[in-house]
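Topology and contacts: notes
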Amino acid sequence: MTTLATYDEIRSIAARLVHEHYPGAVAAIIGGSFATGRQTASSDIDLLLLFDYVEHAWRSTIVAEGRTVELFAHDLATYAYFCRELDAPGGKVPLAMMVVEGENIVASGAHYARLQALAQSIHAAGPPALTAVNLQMRRYEITTLLEDLVDSRHPGEALAVACRLYELLADLHLRAADQWSGGGKHLYRRLHAFDAVVAEQLDAALRLLASDLAAGQQAYVQLVASVLAPVGGPLLHGHSLPAPAHWRSEVE
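So, a few notes on the structure that sits alongside this text. (Residues numbered from 1 in each chain as written. Predicted model: local features only at pLDDT ≥ 70, side-chain atom pairs only at ≥ 80, totals over all residues. Heavy atoms only, no water.)

**Looking at a nonpolar patch on the surface**
Taken together, V133, M137 and L241 make up a surface patch of nonpolar side chains, about 270 Å² in accessible area. With respect to the helices and strands, the residue L241 is situated in the segment after α10 (213-228). (Patch = residues over 30% accessible without salt bridge, like charges linked within 9 Å, V, L, I, M, F, W, Y side chains within 5 Å. Areas by Shrake-Rupley, 256 points an atom, 1.4 Å probe, with all protein chains shown as cover. Salt bridge = Lys/Arg side-chain N within 4 Å of Asp/Glu carboxyl O. Helix = DSSP H or I, 4+ residues; strand = E, 2+ residues; numbered from the N terminus.)

Here it is, written out as structure tokens:
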């Protein structure tokens, strides 16, 4: 059974791993739960490895001294690409957060200084603004899901819809305020840090739905109205989404 390790113990495991298997790393940053003090007994070690140059970025999962380690290997150019081109457009920058929140466990140098400056600038810039089309799609999906939830008489179906609504409402509340979002537990953490009231209301509504369908449905009605009001309210009538003209296949 895995025990709850101290940060110093985890740091030592990571340092030995880097020394023995990745001596060419110019920086090695422990991020994730251990970096923020939220670790549990089974928490993975998230470890970002920076090299002077890699042919391609890579990610792998290994076990070191009984601990699961998630490795993310980059050089500055691949790191910048992943953060700016792949992560940021979706409103989430987990790699940047690893550097902003984490600790470098090898001797710091010019490469780490540049990495740190890059991550901090990406984080400080905030996510790209939601386009009018993207915002309309979000409002429409939330509105239709709420209709499904309110009409549902099957607790299992209602809970499945409510889980999706939780993610959409939390993400929209963050993005509409130009805040970075997150996935899974990080979505809740970012929402709670930004607006603890809405985070607690969403949590309470989901829990209530599981125990009292009617009361949970009403809680979601109020939450959807509150989150959508600043961005234009519910959307059904008039919503249109044309497909690109080139979306065609030859028919035999």
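**Description of the environment of L118**
Position of L118 among the secondary structure elements: in helix α5 (residues 110-125). In the structure, L118 is positioned 22 residues away from A96 in sequence and 8.2 Å away in space, judged by C-alpha atoms. Those residues in contact with L118 that lie beyond four places of it in its chain are L76, Y79, A80 and R84. (Contact = heavy atoms within 4.5 Å.)

**A closer look at unusual backbone geometry**
Phi at E65 is positive, roughly 55°, even though this residue is not glycine. Relative to the helices and strands, E65 is located in the loop between β3 (58-64) and β4 (67-74). Even without being a glycine, D178 presents a positive backbone phi close to 60°. Locating D178 in the fold gives a position in the loop between α7 (155-175) and α8 (185-194). Note on D178: relative accessible area 48%, which makes it partly exposed. (Buried < 20%, exposed > 50% of the residue type's maximum accessible area, 1.4 Å probe, protein only.)

**Brief notes about the pattern of salt bridges**
Going through the model one piece at a time under the given rule, you end up with 7 salt bridges. Between D203 and R207 there is a salt bridge whose closest N-O contact spans 2.8 Å. On the criterion of helical spacing, the pair formed by D203 and R207 is a turn pair, its members being 4 residues apart in helix α9 (residues 196-211). The class of D203 is partly exposed, set by a relative accessible area of 26%. In this structure, a network of salt bridges that share partners links the residues E141, R164 and E167.

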